Amino acid sequence: MEAANKIAIITDTCCDLPQEYLKEYPIFCVPLVVTSGTESYRDNIDITVETIYARQKNENFKTSLPRPQDIEDVYSAIARQGYTHVIVLMIAECLSSANNLMRLAAEEHPELTVKVFDSKSASIGLGALAVQVARYAVRGVAFDPLCELTKRLIDDTVVYFSLDTLEYLQRGGRLPKAAARLGEAAKLKPVVVISEEGEVGLSTAVLGRKRALDTLLKKVAKYS
């Protein structure tokens, strides 16, 4: 597609966006690095989400910063395709230092005007932000007004989700082992929030999947 308003959006693979969004909009995705033991993989390139799900029962996967070369490749591709301005929306700064890498790498591309935002989000929240900002860019919103819109979208975004198990909250250090075991025994389903500051935490835990879904709907309704 043509570079609408010559503005590109960069995000990372934490955004969980399907490929069709990356094809439809001027969104460029930097792969985070996923590690297990001594092995490391570029997310969605060297390893898939399905593979991680299949292996995570017996392995402890963690995410780490993108490789500098992958960041450089994205900036270079954007410049080659004729974009002149870039909005960067990576995983929340309180969860990763990826934004600092993006700022440093941008200095090597003076031909691009780059604005890096703290998305204060992750997963579907990050993906939704990237898509909405890209939609405004495609509609022809100029760079400075688009930056203001981006700030407002970030401030207005709060993410809730539910998990089938407490195990991975415990393994990730967000829940004490004893509490996780007690919750699993009681068949509790965690409802997790990504706060307005980007911090991931346990909002509540309820008995059964149906109550978890009902709780999610009630929490989301507060923002509608």
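Coordinates for the structure precede this section.
Here's what I pulled together on the structure shown here. This structure is a prediction, so every number in the text was calculated from the model and none was measured.

1. Re the environment of P68
Turning to its location among the elements, P68 is positioned in helix α3 (residues 68-80). Along the chain, P68 and V30 lie 38 residues apart, while their C-alpha atoms are 9.9 Å from each other.

2. Focus on the packing of helix α5 (residues 123-138) against helix α6 (residues 143-155)
Viewed as axis vectors pointing N to C, α5 and α6 meet at an angle of 155°, and their least axial separation amounts to 10 Å. One finds that α5 runs roughly antiparallel with respect to α6. Relative to α6, α5 is oriented so that their crossing is right-handed. Seen from α5, the contacting residues are L129, Q132, V133, Y136 and A137; seen from α6, they are L146, L149, T150, L153 and I154. Counted by class, the contact of α5 with α6 contains eight nonpolar, two polar and no charged residues.

3. Some details on a negative patch on the surface
Together, D155, D156, E196, E197 and E199 make up a region of like negative charge exposed at the surface. With respect to the element layout, D155 can be found in helix α6.

4. Thoughts on the environment of T215
If you trace the backbone, T215 turns up in helix α9 (residues 209-221). Sequence separation between T215 and V191 is 24 residues; the distance between their C-alpha atoms is 7.9 Å. Excluding residues that lie within four positions of it along the chain, T215 makes contacts with V191, T204 and V206.

5. Observations concerning the side chain of D43
With respect to the helices, strands and loops of the structure, D43 is situated in the loop between β4 (39-42) and α2 (49-55). One buried charged side chain, D43, makes no salt bridge at all; its nearest oppositely charged neighbour is R42, positioned 10 Å away. Non-local contacts of D43, meaning those with residues more than four positions away in its chain, are made with T13, P31, L32 and V34.

Rules of the game
- Residues numbered from 1 in each chain as written.
- Predicted model: local features only at pLDDT ≥ 70, side-chain atom pairs only at ≥ 80, totals over all residues.
- Heavy atoms only, no water.
- Helix = DSSP H or I, 4+ residues; strand = E, 2+ residues; numbered from the N terminus.
- Axes fitted to C-alpha atoms, helices over the stretch in contact; angles between N-to-C directions.
- Parallel < 35°, antiparallel > 145°, perpendicular 65-115°, else oblique.
- Left-handed = near helix turned anticlockwise from the far one by under 90°.
- Contact = heavy atoms within 4.5 Å.
- Nonpolar A, V, L, I, M, F, W, Y, C, P; charged D, E, K, R; others polar.
- Patch = residues over 30% accessible without salt bridge, like charges linked within 9 Å, V, L, I, M, F, W, Y side chains within 5 Å.
- Areas by Shrake-Rupley, 256 points an atom, 1.4 Å probe, with all protein chains shown as cover.
- Salt bridge = Lys/Arg side-chain N within 4 Å of Asp/Glu carboxyl O.
- Lys, Arg positive; Asp, Glu negative; His and termini not counted.
- Charge placed at Lys NZ, Arg CZ, Asp CG, Glu CD.
- Buried < 20%, exposed > 50% of the residue type's maximum accessible area, 1.4 Å probe, protein only.

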